[in-house]
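# Descriptive structure summary
As a plain string of letters, each chain reads:
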Amino acid sequence: MRIAIIGGGAIGLLFAHYLNENHEVRVYIRRNSQLQKLRINGLTIERKGIRSNAPVKVCHFKAWKGEEDLTIIAVKQYSIPEVVKELLEMNTSQSGSFLFLQNGMGHLKWAEMLEAENLYVGSVEHGALKSEPDTVRHTGIGVTKVAALKGDVDLLSKISDSASSFFPFKFVGDYKEMLIEKLIVNCVINPLTAVLRVRNGELLANKYYHQLFLKLFDEVSAILDIPDKAGALTHVKSVCEETGMNRSSMLKDIEEGRETEIDAILGYILEKAEKKKMSAPYSESLYCQIKGREKRGK
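Below is a short write-up of the structure. Remember, it's a predicted structure, so these values are computed and weren't measured experimentally.

The strand order across the open sheet built from 4 strands is β4-β3-β10-β9, with neighbouring strands paired in mixed fashion. Of all the strands in the sheet, the pair left with one neighbour each is β4 (50-54) and β9 (127-132). Here the strands of the sheet are splayed against their neighbours by 25 degrees on average, with no regard to which way each runs. As paired elements, strand β3 (residues 43-47) and β4 share 5 bridges and run antiparallel to each other. Each bridged residue has a counterpart across the sheet, and for Ile 45 the counterpart in β4 is Ser 52. Along the sheet, helix α1 (residues 10-19) contacts β3, β4, β9 and β10 (135-140); its crossing angle with β3, the most-contacted strand, is approximately 95 degrees.

In a regular helix each residue adds 1.5 Å, so 14 residues correspond to 20 Å; helix α9 (residues 229-242) covers 20 Å between its end C-alpha atoms and thus fits that length. Considered for burial, the residues of α9 that qualify are Ala 232, Leu 233, His 235, Val 236, Val 239 and Cys 240. The buried residues of α9 occupy an angular sector of 160 degrees when projected down its axis, which confines them to one face. Turned more than 90 degrees away from the buried face of α9, the exposed residues are Ala 230, Thr 234, Glu 241 and Glu 242.

The next thing to look at is the sheet that holds strand β6 (residues 70-73). With respect to topology, 8 strands assemble into an open sheet ordered β5-β2-β1-β6-β7-β8-β11-β12, the strand pairing being mixed. Of all the strands in the sheet, the pair left with one neighbour each is β5 (57-60) and β12 (169-171). For this sheet, the mean inter-axis angle between neighbouring strands, taken without regard to orientation, is 25 degrees. With 5 bridges connecting them, strand β1 (residues 2-6) and strand β2 (residues 24-29) associate as parallel partners. Its bridge partner lying in β2, Ala 4 is registered against Arg 26. Along the sheet, helix α6 (residues 175-196) makes contact with β8 (118-124) and β11 (144-150), crossing β8 at roughly 30 degrees.

Rules used in this analysis
Residues numbered from 1 in each chain as written. Predicted model: local features only at pLDDT ≥ 70, side-chain atom pairs only at ≥ 80, totals over all residues. Heavy atoms only, no water. Pairing = 2+ DSSP bridges. Helix = DSSP H or I, 4+ residues; strand = E, 2+ residues; numbered from the N terminus. Axes fitted to C-alpha atoms, helices over the stretch in contact; angles between N-to-C directions. Contact = heavy atoms within 4.5 Å. Expected span 1.5 Å × (residues − 1). Buried < 20%, exposed > 50% of the residue type's maximum accessible area, 1.4 Å probe, protein only. Arc of directions from axis to C-beta.

Set out below in structure tokens:
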């Protein structure tokens, strides 16, 4: 199967490594420096202290023409509007199949602009860190949940059937339920770890941080009107425990002076709260702190 991956971040490189084992993968990125490194050095992955390397096909993003069987969009949420607009311009036939791997919910309206045969959304529960432009660390083995916005998941079965045991896939019927489940995790873990400057596990281990964790969860779950709050809380805690030694992507973005996905995460919650005329003091406080620290780094 021919697969295009748009995005050279941690998730894009992680997917490139595992899918490249059994499929014809081509990674499309914007930065020429990263492109040259990957072409010369290949793609290196580190898992549990063991490193391996393999060649990978890499092209500049502008070279994408939609000729692959599946295009995986692995850029951050804030890059989606620009990427989709460019895809529409570059793919005149507007056909093919697309899998979006963003946090939050904002990408749905943009994904639906693509007149594709199949449109999928995914929720990635792996831990991944891009330590170098050509190196990704698989810091936590999880699962990729996928659901169809349009079409069916038969095409993705070709990927899941050949997937590594370190990189499993799970098909989900309700895409909104899947994305909201991931949204709650992101709303609680990412902003708190970014503001407190701690690893994920500290949110449970430190009793004062845990109080904030529970208060924020209660607020977010009420705004999203989650029917099974006990089950949702158990899930968020389990993710926190399983990734206890990890530094969240939002914390890393803050430390490295990058834009975060806070608008797609707590920004979405604040919009929902405003429409419902609900108070959201914890979400608003964290949102303002993250926006104030964005692009400032340490």
